[in-house]
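Here is what each chain is made of, one letter per residue.
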Amino acid sequence: MAVYTHVPAEDMDRFLARYDVGSLVSAKGIAEGVENSNYLLETTQDRFILTLYEKRVDEADLPFFMDLLDHLAERGCRVPRFIGDRQGRKLQQLGGRPACLIEFLTGVSVTEPTAAQSRAAGIALGEMHRAAADFAGRRRNALDPAGWHDLATRCGADFDAIAPGLGERVRQELLWLDAHWPADLPSAVIHADLFPDNVLMLGDRVTGLIDFYFSCTDIRAYDLAVTHGAWCFAHDGSAYHADRGAALVAGYDVAFGLSEAEHIAFPALCRGAALRFLLTRAYDWINTPPDALVTRKDPLAFLRRLDFYAQATLPELLGR
Ligand SMILES: Nc1ncnc2c1ncn2[C@@H]1O[C@H](COP(=O)(O)OP(=O)(O)OP(=O)(O)O)[C@@H](O)[C@H]1O
Ligand SMILES: N[C@@H](CCO)C(=O)O
């Protein structure tokens, strides 16, 4: 479920009247996603996504996301632009929430990616990094190592209610990452959440990258590590698919590539990425009632990835 704020048709009509986009033909709530309310709108001219920002996205960050997506789209990346009304305003209020009208992109997200689709995702990520290289905006990553420590503290004793010994495992991993986290790799604007559900595809072709609401300035190769953890395992983390890992990295190499220092740091970056999603999922697991309408994501699926990364060899991860 992801329609928290219901917007009556009359309000939707008045909202659309500010834009030059035709008049409303239909509006359907989109079930996928957990953070914002999303509607698919059809007008007499085109299709659009209407997003109402609920609690996670800070309104003050929206100009960064808007500028980034304009910048990427101008350089040929398939990303959804925010649409301005007749006065050029992209940020509106609707149903008491900040709201934006966004370009609709075709495609569907895959749940079990193939190696060919992983390669396409790697190419799209590399192209995004190339296009973002001259983007001047900056946004701090709240989910950096300091943010992981903070989340772990907030989960505290509740970790062990998820799995016995999880709290100690997290503490040990944080110590390891504090000692091994790379200090001087190139930093850039990254997506930071490029899971398969944030990539639209038709067959083996990427038709869109969406959900940039975690994008921030951080270690560029960390973005590939996040994507590796998201694309190259069975959903529950129980098996690593080496063919997808090799294809993802090969695709990234075609479009951008890793330096020697980034290669060497890659296992540590993958461990950090796995811990980041373990922690946010654990925090949500603890703080979302089991009967809430949103489906809680399993933190242990990322503990299994972490266990894999802690013993994997570099050739296993990179396919060479
Ligand atoms: N620009 C777009 N074009 C086409 N479909 C889109 C677009 N943006 C979002 N969607 C659709 O809406 C769904 C939810 O969007 P999104 O992932 O941004 O939501 P969210 O609430 O931020 O979710 P989460 O953070 O949990 O992924 C997507 O899975 C996709 O099906
Ligand atoms: N991609 C995240 C959720 C949204 O950021 C996860 O699977 O935990």
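Everything numeric in this text was worked out from a predicted model, so none of it was measured.

A. Looking closely at the overall build of the protein. Secondary structure summary: the protein contains 11 helices and 9 strands in total. For a compact globule of 320 residues, the expected C-alpha radius of gyration is about 20 Å, and the protein comes in at 20 Å, within 12% of that figure. A total of 320 residues make up the protein; the buried ones form 52% of that total. Contacts spanning at least 24 positions in sequence make up 73% of the contacts within the protein whose residues lie at least 6 apart. Total accessible area computed for the protein in this model is approximately 14200 Å², and 53% of it derives from carbon and sulfur atoms.

B. View of the site of ligand 2. Taken together, the neighbourhood of ligand 2 is formed by Asp193, Phe195, Phe214, Phe277, Arg281 and Lys297. Between a nitrogen atom of ligand 2 and a side-chain N or O atom of Asp193, the distance comes to 2.7 Å. In the model, an oxygen atom of ligand 2 is placed 2.7 Å from a nitrogen or oxygen of the Arg281 side chain. Here ligand 2, which alone exposes 260 Å², has 88% of that area covered by the protein. The class makeup of the residues in the shell around ligand 2 is 3 nonpolar, no polar and 3 charged.

C. Broad picture of the domain arrangement of the protein. The domain boundaries assigned to the protein delineate domain 1 (9–103) and domain 2 (115–318). Between the C-alpha centres of domain 1 and domain 2 the distance comes to 27 Å. When domain 1 packs against domain 2, close to 1800 Å² is buried across both sides, 70% of that on carbon and sulfur atoms. Of all residues in domain 1, Phe64, Phe65 and Arg78 give up the largest surface area on contact with domain 2, accounting jointly for 32% of the area buried on that side.

D. Broad picture of the packing of helix α3 (residues 115–132) against helix α7 (residues 220–231). Taken N-terminus to C-terminus, the directions of α3 and α7 make an angle of 160°; their axes are 11 Å apart at the nearest point. One finds that α3 runs roughly antiparallel with respect to α7. When the axes of α3 and α7 are compared, the crossing they make is right-handed. Contact residues: Gln117, Ser118, Ala121, Leu125, Met128 and His129 in α3; Arg220, Asp223, Leu224, Thr227 and Trp231 in α7. For the contact of α3 with α7, the class distribution of residues is 5 nonpolar, 4 polar and 2 charged.

E. Summary view of α7. Taking 1.5 Å of rise per residue, the 12 residues of α7 would be expected to cover 16 Å, and the 18 Å separating its terminal C-alpha atoms lies within 8% of that figure. All buried positions along α7 are accounted for by Arg220, Ala221, Tyr222, Asp223, Leu224, Ala225, Val226, Thr227, His228, Gly229, Ala230 and Trp231.

F. Up close: the pattern of salt bridges. On inspection of all chains with the given rule, the structure shows 17 salt bridges. For Lys90, the salt bridge identified is with Asp70, shortest N-O distance 2.8 Å. Of this pair, Lys90 sits in the loop between α2 (62–74) and β4 (92–94) while Asp70 is found in helix α2, placing the two residues 20 residues apart along the sequence. Put simply, Arg169, Glu173, Arg271 and Asp307 are held in one network by salt bridges that share partners.

G. Main features of the site of ligand 1. If you check the shell around ligand 1, you find 17 residues, and the closest are Val34, Asn36, Glu103, Leu105 and Asp211. In this structure, Glu103 approaches ligand 1 through a main-chain N or O atom, which is 2.9 Å from a nitrogen atom. Contact distances for ligand 1 include 2.8 Å between an oxygen atom and a side-chain N or O atom of Asp211. When ligand 1 sits alone it has 610 Å² of accessible area, and the protein chains cover 90% of it. The residue inventory of the shell around ligand 1, partitioned by class, reads 8 nonpolar, 4 polar and 5 charged. When we break the shell around ligand 1 down by domain, the ones giving at least three residues each are domain 1 (9–103) and domain 2 (115–318).

H. Just the UniProt feature "domain: Aminoglycoside phosphotransferase" (unreviewed entry) in the protein, in detail. As annotated in UniProt, the feature "domain: Aminoglycoside phosphotransferase" (unreviewed entry) corresponds to residues 27–253 in the numbering used here. Between the C-alpha atoms that bound residues 27–253 the distance is 41 Å, and the span itself is 37% helix and 19% strand.

I. Region of interest: unusual backbone geometry. One non-glycine residue, Ala192, adopts positive backbone phi at about 75°. Within the fold, Ala192 resides in the loop between β6 (187–190) and β7 (199–202). Despite not being glycine, Asp211 has its phi angle at roughly 55°, a positive value. Mapping Asp211 onto the fold places it in the loop between β8 (205–209) and β9 (216–219). Overall, Asp211 belongs to the partly exposed group, its relative accessible area being 26%.

What counts and how
- Residues numbered from 1 in each chain as written.
- Chains lettered and ligands numbered in written order.
- Predicted model: local features only at pLDDT ≥ 70, side-chain atom pairs only at ≥ 80, totals over all residues.
- Heavy atoms only, no water.
- Helix = DSSP H or I, 4+ residues; strand = E, 2+ residues; numbered from the N terminus.
- Rg over C-alpha atoms; globule rule 2.2 N^0.38 Å.
- Buried < 20%, exposed > 50% of the residue type's maximum accessible area, 1.4 Å probe, protein only.
- Contact = heavy atoms within 4.5 Å.
- Areas by Shrake-Rupley, 256 points an atom, 1.4 Å probe, with all protein chains shown as cover.
- Near = heavy atom within 4 Å.
- Polar contact = N/O pair within 3.5 Å; in protein donor to acceptor, adjacent residues only side chain to side chain.
- Nonpolar A, V, L, I, M, F, W, Y, C, P; charged D, E, K, R; others polar.
- Domains from an automatic or database assignment.
- Buried area = accessible area lost by both parts, 1.4 Å probe.
- Axes fitted to C-alpha atoms, helices over the stretch in contact; angles between N-to-C directions.
- Parallel < 35°, antiparallel > 145°, perpendicular 65-115°, else oblique.
- Left-handed = near helix turned anticlockwise from the far one by under 90°.
- Expected span 1.5 Å × (residues − 1).
- Salt bridge = Lys/Arg side-chain N within 4 Å of Asp/Glu carboxyl O.
- UniProt positions renumbered as here; feature names shortened; annotations may be inferred.

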